[in-house]
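Okay, here's what each chain looks like letter by letter:
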Amino acid sequence: MAIGPLTAAAAFAVTGNKWQISTLQHVILIGLVLALVPIVLLFCFDDDKALGEESDAAKYQPLALHDTASDDATEVLQDKLQTTTSTFAIPQLSSHSVPYLLATSDLLFGLATGMTIKFFPIFFLKQVGLAPVATNFVMAATPLAVAAVAAGSPQLAHLIGRVQTILLFKFCAVALLALIGWFPAIWTKLSIIIPAYVVRTAIMDSAFPLQKSILMDYVPKGSRARWNSLDGVLIFGWSGTALLGGMLIDKIGFGGTFCLTALFQCIGVCFLLPLLFIVPKHQAGHLLDTSGLTAYSITPEMSTHSVMADVDVESPVEQLLASARTQENQELHVGDESSSLHA
């Protein structure tokens, strides 16, 4: 995503670094041509090479146990894991509500974002006073910052939990947008406004892969296409909210529009709060990959010892495994005592 703004910066630099219709036309045409490359690459995907049952949601996979665990213990653990979602149980909420909460939050948050996201280049032009090349350099730095934050988000999620990390990122992003809107005096201070914009966008977009990983853990594989199709509806909805955002900017200015956007985004983030009581810090049967973009499941080839080294000590998986092992050892011990007495 940084290639596009850098290409636009080069085009503006060659044509005089001015906001002109003729220059913008050339930049748009170059962007349309470059967009054909990833579109053509989509035809190279093959569903026959996709993962099978091992890529299904965690709640629909069997738990991999140690070879010495009995079949009865395996069945007991699997039955318990089907109903175990969090250390804190709320009767009104269940794991089935997770995708609906995520979708509602994404819808409200995305529609609110559409009010302002398309107008940041105009904001940099009219309020900040940036030239076209400088504006495109800011736009090029933003996806690089997103990649940097996203690379470290799995480690943070491993420490405090995925939902906790998402809430931290999104509330901080909302606060930065509100700060930009509430204090117009910082708009002309490049050392403040540019880092605030880049950091806000980076931490906000870095929460998206973590949300997707939670969605994949709580949605069966056959329904993922339907839930992912909501992204297209959301992008379409940006057009309507962008119109509303343009009208608000004409009426109350950029500052008021940014503050209203932050308010509606905050409402959207609040729909994620119930996930604190549903989604455990470490999903049973799944561990976050270091890339932060995927999740891999525990396979039968992985021993219980290696799994426990990565799972939090208070996770439901470890508690159930320990309980099952203790019960099995007690039964074996009682059986040995009975055999010795009969002897």
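Residues numbered from 1 in each chain as written. Predicted model: local features only at pLDDT ≥ 70, side-chain atom pairs only at ≥ 80, totals over all residues. Heavy atoms only, no water.

Details of the overall build of the chain
Along its length, the chain carries 12 helices and two strands. Ordered by position in the sequence, the α and β elements of the chain form the string α-α-α-α-α-α-α-α-α-α-β-β-α-α. Across the chain, the fraction of contacts at a sequence separation of at least 24, relative to all contacts at a separation of at least 6, is 78%. As displayed, the chain has an accessible area near 19,000 Å², and 68% of this comes from carbon and sulfur atoms. (Helix = DSSP H or I, 4+ residues; strand = E, 2+ residues; numbered from the N terminus. Contact = heavy atoms within 4.5 Å. Areas by Shrake-Rupley, 256 points an atom, 1.4 Å probe, with all protein chains shown as cover.)

Description of a nonpolar patch on the surface
A cluster of nonpolar residues, Leu-108, Ile-252, Leu-260, Leu-263, Phe-264, Ile-267 and Phe-271, forms a patch on the protein surface that exposes about 560 Å² of accessible area. With five residues, helix H10 (residues 230-270) is the largest single contributor of residues to the nonpolar patch. (Patch = residues over 30% accessible without salt bridge, like charges linked within 9 Å, V, L, I, M, F, W, Y side chains within 5 Å. Salt bridge = Lys/Arg side-chain N within 4 Å of Asp/Glu carboxyl O.)

Observations regarding helix H8 (residues 190-218)
For H8, spanning 29 residues, the distance from its first C-alpha to its last is 43 Å, which sits close to the expected 42 Å at 1.5 Å a residue. Burial of H8 is extensive: 21 of the 29 residues sit out of reach of the surface. (Expected span 1.5 Å × (residues − 1). Buried < 20%, exposed > 50% of the residue type's maximum accessible area, 1.4 Å probe, protein only.)

Observations concerning helix H4 (residues 98-114)
Between its terminal C-alpha atoms H4 stretches 24 Å, which fits the 24 Å expected from 17 residues at 1.5 Å a residue. Of all the residues in H4, the buried ones are Val-98, Pro-99, Leu-101, Leu-102, Ala-103, Ser-105, Phe-109, Gly-110, Ala-112, Thr-113 and Gly-114.

Some words on the nonpolar core
Formed by 51 residues in total, the largest nonpolar core has its most connected members in Val-98, Phe-120, Phe-123, Phe-124, Ile-214 and Leu-275. Among the elements that line this core, the one with the most residues is H8, at 13 residues. In contact with Phe-120, other than residues within four places in its own chain, are Met-139, Leu-177, Tyr-197, Arg-200 and Phe-258. In terms of nonpolar packing, the next biggest core, distinct from the first, is built from six residues, Ala-8, Ala-11, Val-27 and Val-133 among them. (Core = buried A, V, L, I, M, F, W, Y, C linked by side-chain atoms within 4.5 Å.)

Here's the deal with unusual backbone geometry
The backbone of Asn-17 shows a phi angle near 55°, a positive value even though the residue is not glycine. Among the structural elements, Asn-17 can be located in the loop between helix H1 (3-15) and helix H2 (21-41). Overall, the relative accessible area of 30% leaves Asn-17 in the partly exposed class.

Some details on the side chain of Lys-170
Looking at the element boundaries, Lys-170 is found in helix H7 (residues 162-182). Despite its burial, Lys-170 pairs with no opposite charge, the nearest such side chain being Asp-106 at 4.0 Å. When residues no more than four places from it in sequence are discounted, the contact partners of Lys-170 are Asp-106, Phe-109, Ala-207, Gln-211, Val-269 and Leu-272. (Lys, Arg positive; Asp, Glu negative; His and termini not counted.)

Comments concerning the packing of aromatic side chains
Inspection of the entire model under this criterion finds 11 aromatic pairs. Between Phe-120 and Phe-123, the aromatic rings sit 6.1 Å apart at their centres with planes inclined by 90°, giving edge-to-face as the arrangement. In this pair, Phe-120 and Phe-123 both sit in helix H5 (residues 120-128), three residues apart, roughly one turn of the helix. A single burial state applies to Phe-120 and to Phe-123, both of which are buried. Geometrically, the ring pair formed by Phe-123 and Trp-187 is edge-to-face, given 5.2 Å between the ring centres and 85° between the ring planes. Of this pair, Phe-123 sits in helix H5 while Trp-187 sits in the loop between H7 and H8, and the two are 64 residues apart along the sequence. Here the two residues Phe-123 and Trp-187 agree in accessibility, since each one is buried. Members of the aromatic cluster, each reached through a chain of ring pairs, are Phe-120, Phe-123, Phe-124, Trp-187, Tyr-197, Phe-254 and Phe-258. The ring of Phe-109 carries the charged tip of Lys-170 above its face, separated from the ring centre by 4.2 Å. (Phe/Tyr/Trp six-rings, centres within 6.5 Å; stacked < 30°, edge-to-face > 60°. Lys NZ or Arg CZ within 6 Å of the ring centre and 35° of its normal.)

Things to note about the confidence of the model for the chain
Per-residue pLDDT for the chain averages 75, and the proportion of residues at 70 or more is 68%. Taking the mean pLDDT of every element in the chain, the minimum, 35, falls on helix H11 (residues 304-310) and the maximum, 95, on H7. Counting interchain partners and residues more than four positions distant, the pLDDT-below-50 stretch residues 60-91 has 47 contacts. Confidence drops under a pLDDT of 50 for residues 339-343, and excluding neighbours within four residues, the segment shows zero contacts in the predicted structure. (pLDDT = per-residue confidence, 0-100.)

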